[in-house]
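Fold and contact review
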Amino acid sequence: MTSVEIGILGIILLFVLLFLKLPVSIAMIVVGLLGNMLLSSPGPTLAKFGSDLILLTQNYNLSVIPLFVLMGLLLANTGLVSDLYDILNSFIGKLRAGMAMATIAAGAAFGAVCGSAVACASTIASVSVPEMSRHGYNRGFAASTAAVGSTLGIIIPPSTTLVLFGILTEESIGAMLIGGILPGLMTMVILMITAYIMVMRNPELAPSKAVETKAFSWKMLKSVWAVPLIFFLGFGGIWFGYFTPTEAGAVGAFLSLLFSLLTGKLTWKNFMESLTVTVRITAMVFLMVIGGNIFGAFLTRTLIPIKLTAFIESLNAPPFMIILLILLIYTLMGPFMDELASMVIMTPILYPIVISLGYNGIWFGVLTAMMLLTGLLVPPVGVTSLVVASVTKIPSAEVFKYQIPYWIAIIIACIILIFIPDIILLLPRMMY
């Protein structure tokens with residue numbers, strides 16, 4: 001068999017293993033090892049696998065992941081989200097669909113200090129859904145809105161997804177994180193407008209009368225000062241060149257711990273639980289990195305990315321049409337695969353094609369994270385939707401029922417970023 005034929009068989013085997021419910025990272029390791037053995041021999045392949053495990057896990061850039069995750073988990077235990085939600089509600093909660101828009105905005109705000117979409121989803125849902133339901137909002141709509149708001153955490157830094165893309169492609173992690181700020185804010189606004197339109201088209205989703213919310217007072221800011229401080233100190237430090245991403249993560253984690261202690265809401269049990277969840281998420285991401293590296297090396301040896309790039313260039317199709325096709329691929333994969341898995345599998349194939357077309361790697365990385373948002377929402381995977389359903393005890397079918405308009409809104413946001421790439425690249429170009 002030729003190397004290309006071995007590569008195609010490897011890709012088919014990968015999807016067979018995924019269909020058999022084997023964890024994605026393990027499936028990629030198995031396929032990568034078997035494929036490399038066929039391309040060379042078992043001895044050198046296993047020896048290289050052993051050395052690669054050590055080299056990959058010693059990557060300094062990977063240390064930012066547990067720091068970002070721990071930062072969000074510590075803050076989640078302080079009641080910070082509830083205070084953020086109250087402040088946002090005091091401004092827009094009285095509007096039609098105002099509490100839904102406040103939920104999305106709270107998701108973006110908490111996403112600015114939380115590196116885990118799952119942690120963000122469970123925290124946002126536990127605060128916003130009961131409050132919206134109490135004021136007469138449709139429970140399924142409320143839960144769906146909480147799910148979509150929490151997905152913004154994989155775009156707005158700190159984002160584990162953007163960090164992982166930078167590691168896989170060797171793009172600047174700092175620039176990746178900074179590049180996610182404006183797209184995240186733009187998507188937040190589009191989703192808030194979508195929530196308003198949904199209520200206008202179906203008035204039964206929200207109460208017709210003004211909702212009584214807490215009046216804004218300056219005292220409210222005393223409990224949320226950690227959000228702007230951590231965000232601007234950490235990511236401002238990256239932007240001006242004072243911090244590496246890992247150092248920014250360390251600063252953020254320390255300030256989160258300090259804030260948690262000052263509020264008196266951090267118990268020993270919550271602290272240990274935060275550490276335990278951080279270790280679990282970090283281990284999952286590390287396995288993804290190892291699997292993605294081994295599978296990517298296998299694909300490179302098969303020459304599939306090179307031949308696929310040459311084939312696409314021979315079509316003489318407009319580059320933006322290729323990007324739209326990639327958008328379609330990610331959109332179709334989203335309902336069936338975890339967002340990190342989709343990125344780790346597809347990046348070694350698609351990244352060389354995009355770079356050969358002359359596009360910026362930072363732009364594509366942020367756009368990739370944007371395209372993965374849909375997979376966090378829609379069934380059968382829909383991780384954040386399932387987390388919200390579990391936290392709120394609302395049937396998952398009710399949560400999924402109201403996701404389509406939000407899903408369309410995210411696609412529109414992606415298309416905007418394809419045709420106006422400066423939304424992503426503006427801030428990275430202004431870095432030190």
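These figures come from a predicted structure and were not determined experimentally.

1. Digging into the overall build of the protein chain
Helix and strand counts for the protein chain stand at 22 helices and 0 strands. For a compact globule of 432 residues, the expected C-alpha radius of gyration is about 22 Å, and the protein chain comes in at 22 Å, within 12% of that figure. Considered along the principal axes of its C-alpha atoms, the protein chain spans approximately 70 × 45 × 45 Å. Scored against the burial criterion, the 432 residues of the protein chain give a buried share of 56%. Taking all contacts inside the protein chain whose residues are at least 6 apart in sequence as the whole, residues at least 24 apart take part in 80%.

2. So, the side chain of Ser 256
The topology assignment puts Ser 256 in helix α13 (residues 245-263). Relative accessible area serves as the criterion here: at 0%, Ser 256 is assigned to the buried category. Among the polar contacts made by the side chain of Ser 256, one reaches the main-chain carbonyl oxygen of Gly 252 at a distance of 2.7 Å. The residues contacting Ser 256, other than those within four sequence positions of it, are Met 71, Leu 74, Leu 75 and Ile 230.

3. Describing the packing of helix α6 (residues 98-111) against helix α11 (residues 181-201)
Viewed as axis vectors pointing N to C, α6 and α11 meet at an angle of 160°, and their least axial separation amounts to 9 Å. With respect to their mutual orientation, α6 and α11 come out roughly antiparallel. Relative to α11, α6 is oriented so that their crossing is right-handed. Residues Ala 100, Met 101, Ile 104, Ala 105 and Ala 108 of α6 form the contact with α11, whose participating residues are Met 188, Leu 191, Met 192, Ala 195 and Tyr 196. Looking at the contact of α6 with α11 residue by residue, the class counts come to 10 nonpolar, no polar and no charged.

4. Some thoughts on the packing of helix α2 (residues 24-39) against helix α3 (residues 42-57)
Taken N-terminus to C-terminus, the directions of α2 and α3 make an angle of 140°; their axes are 8 Å apart at the nearest point. Of the possible angle classes, the one that applies to α2 and α3 is oblique. Crossing of α2 against α3: the hand is right-handed. Across the interface between the two elements, Ile 29, Leu 33, Asn 36 and Met 37 of α2 pack against Pro 42, Thr 45, Leu 46 and Phe 49 of α3.

5. Focus: the packing of aromatic side chains
Evaluation of the coordinates by the stated rule reveals 10 aromatic pairs. Look at Phe 240 and Tyr 242: their rings are 6.5 Å apart centre to centre, the planes differ by 40°, and that puts the pair in the tilted class. Taking the relative accessible area as the measure of exposure, Phe 240 reaches 54% and is therefore exposed. The exposed category is assigned to Tyr 242, whose relative accessible area is 66%. Note on Phe 295 and Phe 298: the rings are 6.3 Å apart at their centroids and 50° apart in plane angle, and the pair reads as tilted.

6. Some words on the environment of Ile 424
Within the secondary structure, Ile 424 is located in helix α22 (residues 422-429). Residue classification places Ile 424 among the buried positions, given a relative accessible area of 1%. Measuring from C-alpha to C-alpha, the distance between Ile 424 and Phe 364 comes to 9.2 Å, with 60 residues separating the pair along the chain. Apart from the residues lying within four places of it in its own chain, the contact partners of Ile 424 are Gly 179, Pro 183, Ile 362, Trp 363, Val 366, Leu 367 and Leu 417.

Cut-offs applied
Residues numbered from 1 in each chain as written. Predicted model: local features only at pLDDT ≥ 70, side-chain atom pairs only at ≥ 80, totals over all residues. Heavy atoms only, no water. Helix = DSSP H or I, 4+ residues; strand = E, 2+ residues; numbered from the N terminus. Rg over C-alpha atoms; globule rule 2.2 N^0.38 Å. Buried < 20%, exposed > 50% of the residue type's maximum accessible area, 1.4 Å probe, protein only. Contact = heavy atoms within 4.5 Å. Polar contact = N/O pair within 3.5 Å; in protein donor to acceptor, adjacent residues only side chain to side chain. Axes fitted to C-alpha atoms, helices over the stretch in contact; angles between N-to-C directions. Parallel < 35°, antiparallel > 145°, perpendicular 65-115°, else oblique. Left-handed = near helix turned anticlockwise from the far one by under 90°. Nonpolar A, V, L, I, M, F, W, Y, C, P; charged D, E, K, R; others polar. Phe/Tyr/Trp six-rings, centres within 6.5 Å; stacked < 30°, edge-to-face > 60°.

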